[in-house]
Amino acid sequence: MNGITEQLNALKDTLNDGVLTIAPEAIHPTLVSILPQHWQEWLLPLMGGPFVLIFLLEWFYQSRRGQAEQFSAKRALTNFSLGGTYITFELIIQALIVLPICLWLYQFRLFTIDVTWLSALPIFIAVEFCYYWFHRASHRISWFWSAHIVHHTDDRMNLSTAMRQSLLYSVTGWWLFFTPLMLLGVHPVWVFFFYALDLIYQFFIHTETVGKLPKWVEYVFDTPSNHRAHHGTNAAYIDKNYGGVLIIFDRLFGTYVEEDPLNNPVRFGAYGEKSNDNLFGLIFSFFGRMWHKALSAQGLKQKLKAFIHPPSEIK
């Protein structure tokens, strides 16, 4: 594994040098401070190009099947613009704030858990477990929903929907849910790497192109069918199917629901919110309403409730 790591580090250095080559010299000092220092950090940014290409293939395929109404150039531009700002902001905040905090916490770890071919799968499952609770909190607590809401405001479902993300995620603290793994002994960079793998997988389940898969697959994994239900505003589908790659934790903790396309077709969107393409409004509308409620409330207790109560209480 050491040989592979050396090659990947060399690739990271090549990519960093490439960015510096095309960037104005005046901003080199700033770029050096935010460019990835570990090869794992380049994984998600490098997927941008392939994601666009695969989405275009989906659009072409569905159009040939007479399903072109699921797509629009304006919505696709909105979604990929949101995805681009999300990834860029994540890189900056992770380099300057999040990773330093997590590395500081890592000093107090109970053990040192190295990533090997044997430990990789258990660590990934542990990351998935943390993701389940992060995702569940993102639907039930207004503070975290203020970032996650952007992802749910698309009233269509195609691969570009996966890119409909908010730059507020690092501000609201998604990474807090993964710090137990770091304190247990998994290096923060590896935690972020497995989280990136989780997100990459989820790109492919934001689609109506794929129907239901074999029962055993639907039982274990978050599939397009399971994830379509998660995006539903129908009463039966709200706050269900939080898994990223796996659906087993939803089954274990009682948050699983099966998609019923015949009797209860999924209506996509965020409950009580209108779908639109206003980038600033999508990112900051709920966030601003939440803060307005907190600042308008009387007393510290009521102010805190604006942040921790369910999103349905923010009008």
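Residues numbered from 1 in each chain as written. Predicted model: local features only at pLDDT ≥ 70, side-chain atom pairs only at ≥ 80, totals over all residues. Heavy atoms only, no water.

Right, let's get into the pattern of salt bridges. This model, assessed by the stated rule, comprises 8 salt bridges. Across the salt bridge formed by Arg-75 and Asp-154, the nearest N and O atoms sit 2.7 Å from each other. Of this pair, Arg-75 sits in helix α5 (residues 73-106) while Asp-154 is found in the loop between α7 (142-152) and α8 (169-172), placing the two residues 79 residues apart along the sequence. For the pair Arg-75 and Asp-154, one class covers both residues: buried. Linked through salt bridges whose partners overlap, the residues forming this network are Arg-75, Asp-154, Asp-155 and Asp-277. (Salt bridge = Lys/Arg side-chain N within 4 Å of Asp/Glu carboxyl O. Helix = DSSP H or I, 4+ residues; strand = E, 2+ residues; numbered from the N terminus. Buried < 20%, exposed > 50% of the residue type's maximum accessible area, 1.4 Å probe, protein only.)

Now for the packing of aromatic side chains. In this structure the tally under the stated criterion is 40 aromatic pairs. Ring centres of Trp-59 and Phe-71 lie 5.7 Å apart, and the angle between their planes is 10°; this geometry places the pair in the stacked category. Residue Trp-59 is located in helix α4 (residues 48-64), and its partner Phe-71 is located in the loop between α4 and α5; the two are separated by 12 residues in the primary sequence. On the accessibility criterion, Trp-59 (22% relative accessible area) is partly exposed. For Phe-71, a relative accessible area of 6% gives the class buried. Judged by centre distance (6.4 Å) and plane angle (50°), the rings of Tyr-132 and Phe-249 are tilted. You can see Tyr-132 sitting in helix α6 (residues 120-140) and its partner Phe-249 sitting in helix α13 (residues 248-253), a full 117 residues away along the chain. Accessibility expressed as a relative area gives 0% for Tyr-132, which makes it buried. Classification of Phe-249 by relative accessible area gives buried; the value is 11%. Grouped by ring-pair contacts, the aromatic residues Tyr-86, Tyr-131, Phe-134, Phe-144, Tyr-169, Trp-174, Phe-177, Phe-178, Phe-192 and Tyr-195 constitute a single cluster. Positioned above the aromatic ring of Tyr-106 is the side chain of Arg-109, whose terminal nitrogen or guanidinium carbon lies 4.1 Å from the ring centre. (Phe/Tyr/Trp six-rings, centres within 6.5 Å; stacked < 30°, edge-to-face > 60°. Lys NZ or Arg CZ within 6 Å of the ring centre and 35° of its normal.)

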